[in-house]
Amino acid sequence: MHSEAEFDRYGFQFTERNRRAAQILEDPSVVRKENSRLIKWQEMFDTWDQYTTKKLDKLESRVWKGIPDPFRSEVWKRRSSASYAISSRKYFKLLTMDIDPKYESLINNDVTRTFPTHELFVLNQSKETQESEGHNKLRNVLHAYAVLDRECGYVQGMSYIAAVPLFYMVEEDAFWVFVFLMMKVGFREYFLQGTPQVVKSIEILDKLTLIHFPRLHQHLANENISVSYFVSPWFLTIYTFCLPFPVALRCWDWLFVSGSDALMAVALSIFKLKQDYLLQLKTDLLLDAVMNMTKEIDIDALEFVKCAITYKHISKEIRIIQKENVHLQDNEQQRIDLWEKAVSEALPS
């Protein structure tokens with residue numbers, strides 16, 4: 001058995017970095033604020049239907065301020081409408097169907113390398129097995145998705161997106177939240193052949209950087225550094241691989257009210273925090289700094305939210321950019337159609 005003292009409140013083994021974050025969360029003023037938010041969220045849950053219709057703006061505002069951890073699982077499930085699919089038991093039918101052997105091999109390789117320091121995936125030294133129960137759950141989720149979405153199948157990196165819902169809910173629920181993120185929010189397009197959405201997102205972020213941080217944009221251009229050099233891992237893992245997990249979680253919360261546009265809000269927040277430092281550097285030092293700048297962000301989630309919330313309405317700017325650049329537009333109806341087909345009772349052929 002593992003000692004609870006080995007892990008932080010999010011289930012990760014303690015490091016110097018997340019131990020400092022844990023100490024911030026224990027501050028009495030932070031605890032009081034969290035308790036106050038818990039009361040507000042409980043009141044909101046008691047009248048949930050109102051907040052998904054008449055008070056939707058209020059719901060979105062509170063989500064941007066952060067979903068309290070005890071409510072995160074339920075909010076993600078409700079906002080993804082996962083319950084519609086769960087009633088059909090389709091997930092368990094998908095698990096009985098075969099997938100392409102190449103996907104099976106990739107999945108087997110990746111499950112043991114995904115979040116190895118999280119308690120769900122840390123091996124129990126008293127057992128001889130090289131896998132945990134969490135590894136089996138993650139393998140199941142990825143197998144079922146490869147059956148459901150044969151065009152996408154499985155691509156390295158998808159395991160990071162599939163794993164996070166497993167931290168908060170049972171396997172079947174986690175699967176449908178993962179499907180929602182991949183199909184309805186559009187993350188599958190980051191993993192399709194040619195990574196079309198990665199290419200689009202990089203160009204959109206470049207244009208947003210020019211608007212919000214023209215000096216930084218020019219500085220990077222002068223040094224022949226493109227945002228394409230360093231942002232792909234940010235998007236492909238929804239920041240879980242590069243930012244402190246409590247900070248990355250806020251981005252995940254925002255996905256359920258703002259869609260993938262939330263990725264841009266987080267990227268701009270990182271630039272805002274690091275701009276002054278980056279403007280002082282040139283050549284190799286600058287390249288090394290931009291490649292590693294998220295590793296140097298040691299900030300608690302509440303402070304990051306204060307920065308990111310200034311980009312809460314970034315969707316309006318993104319839509320303008322897409323209107324002016326047709327090749328950057330998303331096919332929203334196609335995403336909806338994929339999601340609706342996925343949650344129907346029909347099984348893939």
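Residues numbered from 1 in each chain as written. Predicted model: local features only at pLDDT ≥ 70, side-chain atom pairs only at ≥ 80, totals over all residues. Heavy atoms only, no water.

J.: Looking at this structure, I do not really get the overall build of the chain. What am I missing?
T.: If you tally the helices and strands in the chain, you get 20 helices and zero strands. Its C-alpha atoms give the chain a radius of gyration of 20 Å, near enough to 20 Å, the size a compact globule of 349 residues would have. Dimensions along the principal axes, computed over C-alpha positions, put the chain at roughly 55 × 50 × 50 Å. Per-residue burial for the chain yields a buried fraction of 52% across its 349 residues. Within the chain, contacts between residues separated by at least 24 positions form 77% of all contacts whose residues are at least 6 apart in sequence. Accessible area of the chain: about 17,100 Å², with a carbon and sulfur share of 50%. (Helix = DSSP H or I, 4+ residues; strand = E, 2+ residues; numbered from the N terminus. Rg over C-alpha atoms; globule rule 2.2 N^0.38 Å. Buried < 20%, exposed > 50% of the residue type's maximum accessible area, 1.4 Å probe, protein only. Contact = heavy atoms within 4.5 Å. Areas by Shrake-Rupley, 256 points an atom, 1.4 Å probe, with all protein chains shown as cover.)

J.: Where do I start with the side chain of His219 in this structure?
T.: Note that His219 resides in helix H13 (residues 214-222). A residue is classified by how much of its surface remains accessible, and His219, at 10% relative accessible area, is buried. Contacts of His219, omitting those with residues within four sequence positions, involve Leu278, Leu279, Leu281, Lys282 and Leu286.

J.: How should I be thinking about helix H4 (residues 56-65) in this particular structure?
T.: Helical periodicity: at 3.6 residues per turn, an α-helix aligns residues three or four positions apart in one direction. All of the buried residues along H4 are Leu59, Ser61, Arg62, Val63 and Trp64. Those residues of H4 that are buried lie in contact with helix H2 (28-46), helix H3 (48-51), helix H5 (69-80), helix H15 (245-258), helix H16 (261-278) and helix H18 (301-308).

J.: Would you take a moment to explain the pattern of salt bridges for this structure?
T.: For the coordinates displayed, the defined rule picks out 15 salt bridges. Close ionic contact of Arg72 with Asp69 constitutes a salt bridge, the shortest N to O distance being 2.4 Å. A residue pair is termed a helical-turn pair when its members lie 3 or 4 positions apart in one helix, as Arg72 and Asp69 do in helix H5 at three residues. Residue classification places Asp69 among the partly exposed positions, given a relative accessible area of 22%. (Salt bridge = Lys/Arg side-chain N within 4 Å of Asp/Glu carboxyl O.)

J.: How should the environment of Glu34 be read in this particular structure?
T.: Among the secondary structure elements, Glu34 is positioned in helix H2. Residues Glu34 and Gly66, spaced 32 residues apart in sequence, show a C-alpha to C-alpha distance of 10.0 Å.

J.: Where do I start with the packing of aromatic side chains in this structure?
T.: In this description, a pair of aromatic rings is defined by centroid distance and the angle of the planes. All told, the structure shown has 30 aromatic pairs when counted by the stated rule. Ring centres 5.1 Å apart and planes at 55° place the aromatic pair Phe45 and Trp48 in the tilted group. For the pair Phe45 and Trp48, one class covers both residues: buried. Aromatic pair Trp76 and Trp252: ring centres 5.7 Å apart, planes at 25°, arrangement stacked. Separated by 176 residues along the polypeptide, Trp76 in helix H5 and Trp252 in helix H15 bring together distant segments of the chain. Each of the two residues, Trp76 as well as Trp252, counts as buried. An aromatic cluster is built from Tyr10, Phe12, Phe115, Phe121, Tyr160, Phe167, Phe241 and Phe245, whose rings are joined through pairwise contacts. Stacked on the ring of Trp48, the Lys or Arg Arg78 has its end atom at 5.2 Å from the ring centre. (Phe/Tyr/Trp six-rings, centres within 6.5 Å; stacked < 30°, edge-to-face > 60°. Lys NZ or Arg CZ within 6 Å of the ring centre and 35° of its normal.)

J.: When you look at the packing of H16 against H18 in this model, what are you seeing that I'm missing?
T.: A pair of packed helices can be characterised by two numbers: the angle between their axes and the separation between those axes. Close contact between H16 and H18 brings their axes to 9 Å; oriented N to C, the two are set at 100°. As summarised for this structure, H16 and H18 are arranged roughly perpendicular, according to the angle between their axes. Every residue of H18 that contacts H16 at Val266, Ser269, Ile270, Lys272 and Leu273 is listed here: Phe304, Cys307 and Ala308. Partitioned by chemical class, the residues of the contact of H16 with H18 number six nonpolar, one polar and one charged. (Axes fitted to C-alpha atoms, helices over the stretch in contact; angles between N-to-C directions. Parallel < 35°, antiparallel > 145°, perpendicular 65-115°, else oblique. Nonpolar A, V, L, I, M, F, W, Y, C, P; charged D, E, K, R; others polar.)

J.: I tried to follow the packing of helix H12 (residues 196-212) against helix H19 (residues 314-324) on my own but got confused; where do I start?
T.: With their axes 11 Å apart at the nearest point, H12 and H19 run at an angle of 115° to one another. As for how H12 packs across H19, the hand of that crossing is right-handed. Residues Ile204, Lys207, Leu208, Ile211 and His212 of H12 pack against Ile314, Glu317, Ile318, Ile321 and Gln322 of H19. Counted by class, the contact of H12 with H19 contains six nonpolar, two polar and two charged residues. (Left-handed = near helix turned anticlockwise from the far one by under 90°.)

J.: Help me understand the nonpolar core, please; the structure alone is not making it clear to me.
T.: The tendency in soluble globular proteins is for nonpolar side chains to be buried side by side. Judged by nonpolar contacts, the single largest core of 117 residues is most densely connected at Phe175, Trp176, Leu181, Phe187, Trp234, Tyr239 and Phe271. Apart from residues lying up to four places away in sequence, Phe271 is in contact with Leu205, Thr209, Phe213, Leu216, Val227, Phe230, Trp234 and Met293. (Core = buried A, V, L, I, M, F, W, Y, C linked by side-chain atoms within 4.5 Å.)

J.: Help me understand the side chain of Asp253 in this model?
T.: Inspection of the secondary structure puts Asp253 in helix H15. Sequence-distant contacts of Asp253, defined by excluding residues within four places in its chain, comprise Val63, Gly66, Ile67, Arg72 and Trp76.

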